[in-house]
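# Coordinates in review
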Amino acid sequence: MDIIVQFLRDSMWQSIGAVIGILAIVVTVVIYRRSTTHKSLSYEVISNSPLLAADLRQAEDIQVLHRGNQVTNPSLVILEFINDGNGSVEARDFAEPLTITFNTSCMVLEAKIIKCVPESLKPKIEIIDQSNLIVQPLLLNSGDSFVIHALLSDYHDEIQIGARISGVKEIVDRKIFQMNGMVKLRALMWTLVFLLSFGTAILFNSIPQVPKSLSDLLLIAGTFGGAVGLLGAANSLESSRRR
């Protein structure tokens, strides 16, 4: 029994216990954050397809008509909206409809819903003026999505999405959101490099059987690796803020 107690009191196992304790705290925080309900709504421009080739847009002998009216530089834009949170966004959460605003010179010729997940989802879309669409408040459960097909004239890759939704700070561009997520993942990985480098150095430095010259070398290497990890994490987070 005394041998077991002495074995558990060894500095190596105390260091390992400290590392395990830190990891347990990190895992607990991650599980808590994942279990907390949060609302999120994002969008993505799936495609933007000009209907005329670039060399034909300025041709004077070619006209494009829509219901008898001439249009300039027609484009087909496809937008997807998705509830990518883990909580439902209810119709009553909307203080105002979801608004899609294109550049001021753009004219919305047609707009319709072409796909819904689930199929029972029935968004109502309206053209309210030349360059604005609205989607009426609706229930969006986690994972629900819908796709809008918009035929536009003189569209210049400018789009703004607006809405006031309880629990949703803003409707974000999913591509930017995913990019920021990757940046934060890199920051986490650099942080792990920092913790593992210092932790390994301290662990081996605390083992009497390890020669002093080797433990000193490991401590220097661990300090260097930890510094690199810390700088990498800081750089990744700074890049995320700049975006």
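Residues numbered from 1 in each chain as written. Predicted model: local features only at pLDDT ≥ 70, side-chain atom pairs only at ≥ 80, totals over all residues. Heavy atoms only, no water.

What follows covers the overall build of the chain. What the chain contains, in helices and strands, is 4 helices and 11 strands. Counting over 243 residues, the chain shows a buried share of 30%. Pairs at least 24 residues apart make up 81% of the contacts formed inside the chain by residues separated by at least 6 positions. Carbon and sulfur atoms form 60% of the exposed surface of the chain, whose accessible area is close to 15,800 Å². (Helix = DSSP H or I, 4+ residues; strand = E, 2+ residues; numbered from the N terminus. Buried < 20%, exposed > 50% of the residue type's maximum accessible area, 1.4 Å probe, protein only. Contact = heavy atoms within 4.5 Å. Areas by Shrake-Rupley, 256 points an atom, 1.4 Å probe, with all protein chains shown as cover.)

Bringing the packing of aromatic side chains into the picture now. Enumeration over the complete set of coordinates arrives at 3 aromatic pairs. Look at Phe81 and Phe146: their rings are 5.4 Å apart centre to centre, the planes differ by 20°, and that puts the pair in the stacked class. Note that Phe81 is positioned in strand β4 (residues 74-82) and Phe146 in strand β9 (residues 145-153), a separation of 65 residues in sequence. Their ring planes at 90° and their centres at 5.6 Å tell us that Phe102 and Tyr155 sit as a pair that is edge-to-face. With Phe102 in strand β5 (residues 98-102) and Tyr155 in the loop between β9 and β10 (159-162), the pair connects residues that are 53 residues apart, well separated along the chain. With a relative accessible area of 10%, Tyr155 lands in the buried category. Linked through ring pairs, Tyr43, Phe81 and Phe146 together constitute an aromatic cluster. (Phe/Tyr/Trp six-rings, centres within 6.5 Å; stacked < 30°, edge-to-face > 60°.)

This part is about unusual backbone geometry. In this structure, the amide linkage connecting Val117 to the following residue, Pro118, adopts the cis form with an omega of 0°. Considering the arrangement of structural elements, one finds Pro118 in the loop between β6 (107-117) and β7 (125-129). With a phi close to 55°, Arg67 is a non-glycine residue in the positive phi region. Topologically, Arg67 is positioned in the loop between β2 (64-66) and β3 (69-71). When its relative accessible area of 70% is taken as the criterion, Arg67 is described as exposed. Positive phi outside glycine occurs at Asp157, with the angle close to 60°. Turning to its location among the elements, Asp157 is positioned in the loop between β9 and β10.

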